[in-house]
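# Architecture at a glance
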Amino acid sequence: MEALKEKELRELPLEELLAQVNDCISQLENPQISLEESFRNYEEGIRKLKVCNEKVTQIEKKMQVMNQQGELEDFFAG
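This section reports on the structure supplied with the text. Residues take numbers from 1 onward in each chain, read along the sequence in its written order. Only residues with pLDDT of at least 70 are given local features in this predicted model, and only at 80 or more are side-chain atom pairs given and counted; all residues enter the totals for whole chains, interfaces and linings. Computation of side-chain values: all heavy atoms of the structure, hydrogens and water removed.

Note on conventions: DSSP H or I runs of at least 4 residues are helices, E runs of at least 2 residues are strands, and numbering of each starts at the N terminus. The residue Ser 38 is located in helix 3 (residues 35–62) in this model. If sequence neighbours within four positions are ignored, Ser 38 has contacts with Leu 28 and Ile 33. Should any heavy atoms of two residues lie within 4.5 Å, those residues are considered in contact.

See the structure below:
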């Protein structure tokens, strides 16, 4: 698995990043990979998960909900 640069990670769609995180998890579950490779997969998965969290935060900030008066207002998850 090739490590992507930070800029390249940020340009990927959220779905693609989540699929890559899942790939990292699958690799970690493989008993035939070395300890070093496990650490690399773990580190790469954490980097990608961090970008996923940043993307979700950006999406939450952009989301809007319509209030009872039919006006749009910011939606804050929390």
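What follows deals with the packing of helix 2 (residues 14–28) against helix 3. Note on geometry: axes are C-alpha line fits, over the in-contact stretch for helices, and angles between N-to-C directions span 0 to 180 degrees. Their axes nearest at 9 Å, the elements helix 2 and helix 3 cross at an angle of 155 degrees. It follows from the interaxial angle that helix 2 and helix 3 lie roughly antiparallel. As for how helix 2 packs across helix 3, the hand of that crossing is left-handed. Here Leu 14, Leu 17, Leu 18, Gln 20, Val 21, Cys 24, Gln 27 and Leu 28 of helix 2 come into contact with helix 3, specifically with Ser 38, Asn 41, Tyr 42, Glu 44, Gly 45, Lys 48, Leu 49, Val 51, Cys 52, Lys 55, Val 56 and Ile 59. Charged means Asp, Glu, Lys or Arg here, nonpolar means Ala, Val, Leu, Ile, Met, Phe, Trp, Tyr, Cys or Pro, and polar covers whatever is left, Gly included. Class assignment of the residues belonging to the contact of helix 2 with helix 3 gives a composition of twelve nonpolar, five polar and three charged. In what follows, roughly perpendicular refers to angles from 65 to 115 degrees, roughly parallel to angles under 35, roughly antiparallel to angles over 145, and oblique to any angle outside these ranges. Two helices crossing with the near one rotated counterclockwise from the far one by less than a right angle form a left-handed crossing, whereas a clockwise rotation gives a right-handed crossing.

Here the focus is the pattern of salt bridges. Side chains bearing opposite charge may pair, as long as their charged atoms lie close to each other. We count a salt bridge whenever a side-chain nitrogen from Lys or Arg sits within 4 Å of a carboxyl oxygen from Asp or Glu. If you walk through the whole model with that rule in mind, you get seven salt bridges. Taking the shortest distance from any N to any O, the salt bridge between Arg 47 and Glu 6 comes out at 2.9 Å. You can see Arg 47 sitting in helix 3 and its partner Glu 6 sitting in helix 1 (residues 6–11), a full 41 residues away along the chain. Three labels apply to residues, based on accessible area from a 1.4 Å probe with only protein chains included: buried if under 20% of the type maximum, exposed if over 50%, partly exposed otherwise in between. Overall, the relative accessible area of 23% leaves Arg 47 in the partly exposed class. With relative accessibility at 33%, the residue Glu 6 sits in the partly exposed group. We note a salt bridge from Arg 10 to Glu 54, for which the minimum N-O separation is 2.2 Å. Taken as a pair, Arg 10 in helix 1 and Glu 54 in helix 3 lie far apart in primary sequence, 44 residues in all.

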